[in-house]
Amino acid sequence: LRRSPVRVLPPQKERRAAAEPQRSPEERPTPPPPPPPPAVERSAAGPGLWYEKAAPGDRRLGKVVTIAKSKKFRDHHGKVLLEGQRLIKDALEAGAVLQTLFFSTVGHLKELPEAELKRANLVKVKFEDIKSWSDLITPQGLIGIFSKPDHAKMSYPAAQLTSSLPLLLICDNIRDPGNLGTILRSAAGAGCEKVLLTKGCVDPWEPKVLRAGMGAHFRLPIVASLDWESVPSNLPAGVQVCVADNKDPVAQAKTVSVLRGASGAGSAPRNPKAPVKSKPKASPEHKDEEGAVGVCLPELATQYYYENWTQTPVAVVIGGETHGLSPDALHLAASTGGKKLVIPVVPGVDSLNSAIAAGIVLFEGKRQLLRRLKQEDERQKLPVVG
């Protein structure tokens, strides 16, 4: 039996194209324009306040939330995510620029400044969609995408400014988001003038830090990602920098000398059982143990946190729980005549949480500064005897 060869036919589109005469680009018919996008359903929430309703399958919320939670995206595009009515309201009142607001009910809009909402893109979505992307246990139905705030352009609350003290906070290697947020909240409550975050600290605009901060980001200036060379330029002239290590100074370093109180120095604790003068331990990257390349670290006068250590202005360095204070922090304190502040704990108890230590030292600094200011006011009111 003989089999005839099978004839392979090209696709119908190619056969049609081969049958048509070749035309120049000018002679070819122009393709029809693409169909217009579906009209966006817009509704009014008030005079001049319009919002759009997200269509089924709208993925903007999930896409925006996913990218905004990435530190790389925040740094590259300059956007941050804020969730909840109180945090968004604090941000708007402080002058932060809202780009897009996702909300579940129109009633949420009435709780926010209307003038700022008119400049933003408002999108109404289902509460189930917000709940699926929210980090909160009980979502409020509000998620806002803001331009990354610039502390130099913010308008902080008048009550915060009038209660501000010549007290600054420097965070060194604070890497736990919850701790940093709590520290920022304590700094705002104590009336700190400014907070500086050195490189190695967690990003202050991470969602967990924002939640723990409870609006502190919009109550006082926060300068992040500073290297230690640029820290002095962000401090006022004549500042004294003190350090508060969150580890037991006796357990974390070798004893170098006994208390200065034994030799008559007045800055050391007077209690015989007080912490000894010790050499601060460097971070893991700068080991000074025997056999390793050492780093020359300055020795600081050590005293209890409740003894007088404030002058105007004064800055306090809080070290992280894992890495502690960096050598740069100790050198900065030594160059300004600063001291090492110790919070005494019962023997055998582990070092305090860095957020707790920050709250204790900052509010003690506030107490001392207010007492100093009160004494100065009383001196000025005394009659001049002449």
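In this report, the structure presented in the accompanying data block is examined. (Residues numbered from 1 in each chain as written. Predicted model: local features only at pLDDT ≥ 70, side-chain atom pairs only at ≥ 80, totals over all residues. Heavy atoms only, no water.)

**Regarding the pairing of strand β10 (residues 240–244)**
Alright, step 1. Within β10, five of the five residues are buried, which leaves the element mostly enclosed by the surrounding structure.
Alright, step 2. Residues Gln240, Cys242 and Ala244 point to one face of β10 and Val241 and Val243 to the other, with burial holding for every one of them.
Alright, step 3. Direction of pairing for β10 relative to strand β14 (residues 314–319): parallel, over a ladder of five bridges. Among the inter-strand pairings, Val241 is bridged to a residue of β14, identified as Ala315. (Buried < 20%, exposed > 50% of the residue type's maximum accessible area, 1.4 Å probe, protein only. Helix = DSSP H or I, 4+ residues; strand = E, 2+ residues; numbered from the N terminus. Pairing = 2+ DSSP bridges.)

**Digging into the packing of aromatic side chains**
To describe a pair of aromatic rings, you give the distance between the ring centres and the angle between the ring planes.
Alright, step 1. Throughout the structure, instances matching the rule amount to four aromatic pairs.
Alright, step 2. Aromatic side chains Tyr51 and Phe103 sit 5.4 Å apart centroid to centroid with 80° between the ring planes, which places their arrangement in the edge-to-face category. Of the two residues, Tyr51 sits in strand β2 (residues 49–53) while Phe103 sits in strand β4 (residues 98–103), which places them 52 residues apart along the sequence. A single burial state applies to Tyr51 and to Phe103, both of which are buried.
Alright, step 3. With a centroid separation of 5.2 Å and 25° between ring planes, the pair formed by Tyr304 and Tyr306 is classed as stacked.
Alright, step 4. A relative accessible area of 41% places Tyr306 in the partly exposed class.
Alright, step 5. Put simply, the rings of Tyr304, Tyr305 and Tyr306 touch in pairs and so form one group of aromatic residues. (Phe/Tyr/Trp six-rings, centres within 6.5 Å; stacked < 30°, edge-to-face > 60°.)

**A short note on the nonpolar core**
Alright, step 1. Leu169, Cys171 and Val195 are the most contacted members of the largest nonpolar core, which totals 35 residues.
Alright, step 2. Here Val195 is in contact with Leu169, Cys171, Leu184, Ala187, Leu220, Pro221, Ile222 and Val223, once residues within four sequence places are set aside.
Alright, step 3. If you look at the next biggest cluster of nonpolar residues, it comprises 25 residues, including Val80, Ile88, Leu101 and Phe218. (Core = buried A, V, L, I, M, F, W, Y, C linked by side-chain atoms within 4.5 Å. Contact = heavy atoms within 4.5 Å.)

**A word on the sheet that holds strand β3 (residues 79–83)**
Alright, step 1. Across the sheet, which stays open at both edges, the six strands sit in the order β1-β2-β5-β4-β6-β3 with mixed pairing between neighbours. The open sheet has two free edges, formed respectively by β1 (42–46) and β3, since each of these has just one partner strand. Pairs of neighbouring strands in the sheet enclose a mean axial angle of 25°, with direction left out of account.
Alright, step 2. As paired strands, β3 and strand β6 (residues 142–147) are joined by five bridges and run antiparallel to one another. Each residue of the ladder has a partner; that of Leu81, found in β6, is Ile145.
Alright, step 3. Packing against the sheet, helix α2 (residues 60–68) makes contact with β2, β3, β4, β5 (121–124) and β6, and its axis sits at approximately 55° to β6.
Alright, step 4. Together, β3, β4 and β6 form the strand contacts of helix α4 (residues 85–93), whose direction differs from that of β6 by roughly 30°. (Axes fitted to C-alpha atoms, helices over the stretch in contact; angles between N-to-C directions.)

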